[in-house]
Each structure stands twice: as structure tokens, then as C-alpha cells.
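# Descriptive analysis of the structure
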Amino acid sequence: MSKKLLILLFTFVLALVGCTNEQAAPSKPAEKTAETKPVSVSNGTLPKDIDVALIMQMSIGTFSSQYINGVTEQVESFGGNVKVYNADNDLSKMASYVDTATTQGVDVILIDHGRADALKEPVQRALDKGIKVVAFDNDLTNEGVTVIDQDDYSLAWRSLKALAEDLDGEGNIVTIWVGGFTPMERRHTIYDAFLKRYPGITEVAKFGSATNNTALDTQSQMEAILKKYPEGEIDAVFAMWDEFAKGASRAIKQAGRDEIAVYGIDLSDEDLQLMQEDGSPWKVTAATDPAEIGRIQVRYAYQKLAGEETPSIHSVDPYLVDRDVLPDEKVTMDDLGQYVPNWGASDAAWSDWMKGTD
């Protein structure tokens, strides 16, 4: 072989090697998207740097704030990040937020309230992208979604049963309620049954609306009811939401109508302070711990990320909190376990690998 031919062959081999090396060189990692974002988890391993979107139908009052605190506390204890979306009671906006979170490629979507007729399709799009979804007080039935509720039927019955027993089955009541919310609809189902069970109890007035100032607006409406029905014509108020109970209690106390007792649903630190005030008409409330609900919701989401089996539904056990069991000194939700057995002590959705992260 001639020297010239050897040189040409050597040059060709070098060029071929160069092309091969260029093709084998590592490419720049693709940016994370909703389709490609990896979540490397397995049983026994705590997922880190998880992005969580909390999408709320509305955020009103201290119940909501304590619920948000519970979600945030649990996610951060696991090393994750939370972004809160408040739809201001606009279901179409809420659905849009679900799609936004899906497009952004979050790992988890937590839903607070809302309705399936507005959220079913956007939630399904999130599930199809591999995003884990856990809802609270919602009627979603998408496969793969865990729905947590407060057992609204039990909440309503516990409060109403206390009311009936205190009235000895007879009396006039005012009911405060608003439709359009899954938990409210469930509570009203029990209320309808209650009126049939206790025919001696008569509803003389019924009102309610969810606004940006629900407690204040309820107070004004209750003041008008008190003027319409003078002393002796109302025995009790059944308020299906603590914002309603706050407004009604303030109106009754300011009017000096101490013959009227308030029976509510839900509880917060602010509610406890109001119940413990001297001369407070707010006697009983049926409730769960909102912060613990948020923590349970997060734990179910992390179990899903870890590939664990999770239920389709989970009802949080409610408790009856009677003002008479509370001490003279002011208490908070953190103290309530001393006076209401098992309060805030849920062991739901705890996996062994989560221990030691709090």
C-alpha cells in the first residue's frame, strides 16, 4: 500500500471516530415539564422537594387558615413546597387553577371543597399526567383520587341531637345554611331528617349566604331576625358553619337575648374564644381539627407518591365540644385534647417511613 493511500485511510478513520464520539456525548438534560417531571420514590423512602398545589374554593375565616397551616406544616416537614390558590368561590376559576397546576407539572394537587361537576375533567387531566390528587369535602369520584370528609352527616347529627335534648324535643329554631357546597348539602340531609324525627321542633326562619364577610353579614341578618321575633319566640339557632355561628352569636349577645342558644358546626381558635366569652350564647359545636385534616390530606398524597395503597374515601371522626366542659381560662385548639378525649390525635395515613420527619 502506498504512503499516500495510508495517509488518506488514517484521515478517514480519525473522522469516523470523531463522529462517533460526538454522537455519544451526553446531551443537555431536558427541562422538567408536566409530562417528563420525574418523582423518584419507593416504599421506605421519603420523597424530597415535592411541589404541592393547594387549590381552594374559598379561604374564609380561621377554620380555613388553620387548615392551610396544617397542610403547610406537614408538607414542609417532609421537605416539600406548597403554593395556595384561592378561587374566591368561583368554581370555573378553581377548575382553571387545576389545569394551571397540571401545566406547571406539580407532583401533588390538594383540593379543598369545590364540586365534581366543575372539577372532574381538569382533575382527570391531572391524573393522566401522573399527578397525585387528594380532595377534602368534595364529591369527586375519579379513580385514583382519595376524598377526605369530616363525616358531615355525623357532624350535623351530633349538634342537632344536643339541641333537641336541651329543648326536650320542643321549641322554635332559626337555621343558618347556604347551598352549593358539598358539606352543606350533606349537613342539610341530616337536618331534613331531624325535623321529621322531632316534630315538636319548628323552623321559624332560615337564611344564609357565603360572602367575603360571612360572619359580619350573618350578624346583620340575625339582627333583623331578632327584631322580627321578639323575646320568647326563638329558643335556639342551628348554624351549619362556624362563620354563621360567629355572626349569630354576636348578634344575640349584643341584643341581650340570653334565652337563645347557638348550636354550630366547625371550630377554630377564634370560635373557642367566642364560646368562652361571658354570656356567650354559643353553647355547642360539632367539629374536627382543621389543621389535622390538612395534615392527613398531605400524608395520603405522599403515600400515593410512594406507591402505597390508599382508600377512595376517608371520614375524619368528629367530636362534640360543649362550652360546659371548657375551663374558665382561655384555651386554644392545641389545648382542646385535655378536655375533649382523642381530639386532634388521628393516626390516619401514617406510614413507618414518615416517622421522625415531624
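As the structure is a prediction and not an experimental result, all values here were calculated from the model. (Residues numbered from 1 in each chain as written. Predicted model: local features only at pLDDT ≥ 70, side-chain atom pairs only at ≥ 80, totals over all residues. Heavy atoms only, no water.)

## Re the overall build of the chain
What counts is decided by this rule: Under the scheme used here, helices are H or I runs from DSSP no shorter than 4 residues and strands are E runs no shorter than 2 residues, and both carry numbers assigned from the N terminus. The buried label applies to any residue whose accessible area, calculated with a 1.4 Å probe on protein chains only, is under 20% of its type's maximum; exposed applies above 50%, and partly exposed to all values in between. The contact rule is simple, with two residues in contact once any of their heavy atoms fall within 4.5 Å. For every accessible area listed, the method is Shrake-Rupley and the probe measures 1.4 Å; residues are considered covered only by the protein chains on display.
Within the chain, the regular secondary structure consists of 10 helices and 12 strands. The buried share among the 358 residues of the chain stands at 50%. Taking all contacts inside the chain whose residues are at least 6 apart in sequence as the whole, residues at least 24 apart take part in 74%. Put simply, the chain shows about 17000 Å² of open surface, and 49% of that area lies on carbon and sulfur atoms.

## Some points on the nonpolar core
Heads up, the rule is: To qualify as a nonpolar core, a set must consist of buried Ala, Val, Leu, Ile, Met, Phe, Trp, Tyr and Cys residues joined through side-chain atoms within 4.5 Å.
Core analysis: the largest hydrophobic core is formed by 59 residues, its most contacted members being Leu163, Phe194, Met222, Val237 and Leu267. No other element matches helix α5 (residues 152-167), which puts 7 residues into this core. Val71, Ile293, Tyr300 and Trp353 belong to the second largest nonpolar core, which has 28 residues in total.

## Here we look at the sheet that holds strand β4 (residues 132-136)
How we decide: At least two DSSP bridges between two strands are required for those strands to pair. Where helices are involved, their axes are fitted lines through C-alpha atoms of the stretch in contact, as for all axes, and angles between N-to-C directions lie from 0 to 180°.
Strand order across the open sheet formed by 6 strands is β2-β1-β3-β4-β5-β11, with parallel pairing between neighbours. Looking at the sheet topology across the chains shown, the edges are occupied by β2 (81-86) and β11 (313-315). Averaged over neighbouring strand pairs, the angle between their axes works out to 20 degrees when direction is ignored. Of the strand pairs in this sheet, strand β1 (residues 51-56) and strand β3 (residues 108-112) are connected by 5 bridges, and their pairing is parallel. Bridge pairing links Met56 to Asp112 in β3.

## As for the pairing of strand β7 (residues 201-207)
The test is simple: With the strands pointing away from the viewer, any crossover whose connection runs clockwise from the first strand over the helix to the second is right-handed.
Summarising the sheet, strand β6 (residues 171-176) and β7 pair through 6 bridges and their orientation is parallel. Bridging across to β7, Ile173 finds its partner in Glu203. Read from β6 through helix α6 (residues 182-197) to β7, the crossover connection turns out right-handed.

## Topic: the packing of aromatic side chains
The relation between two aromatic rings is expressed through the spacing of the ring centres and the mutual angle of the planes. This is how it is decided: Only Phe, Tyr and Trp rings take part, Trp by its six-membered ring, and two of them pair if their centres are within 6.5 Å. Stacked means planes under 30 degrees apart, edge-to-face means over 60, and tilted covers everything else. We call a charge positioned over a ring when the NZ of a Lys or the CZ of an Arg lies within 6 Å of the ring centre and within 35 degrees of the ring normal.
Applying the stated rule across the entire model yields 8 aromatic pairs. Following the ring pairs from residue to residue traces out a cluster consisting of Tyr191, Phe194, Tyr198 and Phe238. Seen from the ring of Tyr198, Arg197 lies directly overhead, with NZ or CZ sitting 4.5 Å from the centre. Cation over ring: Lys206 sits above Trp177, and NZ or CZ is 5.1 Å from the ring centre.

## So, the environment of Val284
Of note, Val284 is situated in strand β10 (residues 282-287). On the basis of relative accessible area, Val284 is assigned to the buried category, the value being 0%. Separated by 19 residues in sequence, Val284 and Ile265 place their C-alpha atoms 8.4 Å apart. Ignoring sequence-local partners within four residues, the contact set of Val284 consists of Ala162, Val262, Tyr263, Gly264, Met275, Leu320, Val321 and Asp322.

## Details of the sheet that holds strand β9 (residues 261-265)
Read from one edge of the open sheet, 6 strands run β7-β6-β8-β9-β10-β12, paired in mixed fashion. Edge positions in the sheet fall to β7 and β12 (319-322), since each of these pairs with one other strand and no more. Between one strand axis and the next, the sheet turns through 20 degrees on average, direction left out of account. Its contacts with the sheet place α6 against β6, β7, β8 (236-239) and β9, and it is angled at close to 145 degrees to β7. Contacts from helix α7 (residues 214-228) reach β6, β7 and β8, with the element oriented near 130 degrees to β7.

## Description of helix α8 (residues 242-255)
As a reminder, the rule being used: For a helix, the expected span equals 1.5 Å multiplied by the residue count minus one.
Over its 14 residues, α8 extends 20 Å from the first C-alpha to the last, a length consistent with the 20 Å expected when each residue adds 1.5 Å. Among the 14 residues that make up α8, 10 are buried, leaving the element largely enclosed by the rest of the structure. All of the buried residues in α8 are Asp242, Glu243, Phe244, Ala245, Lys246, Gly247, Ala248, Ser249, Ala251 and Ile252. Once α8 ends, the next one or two residues include Gly256, with phi positive near 70 degrees.

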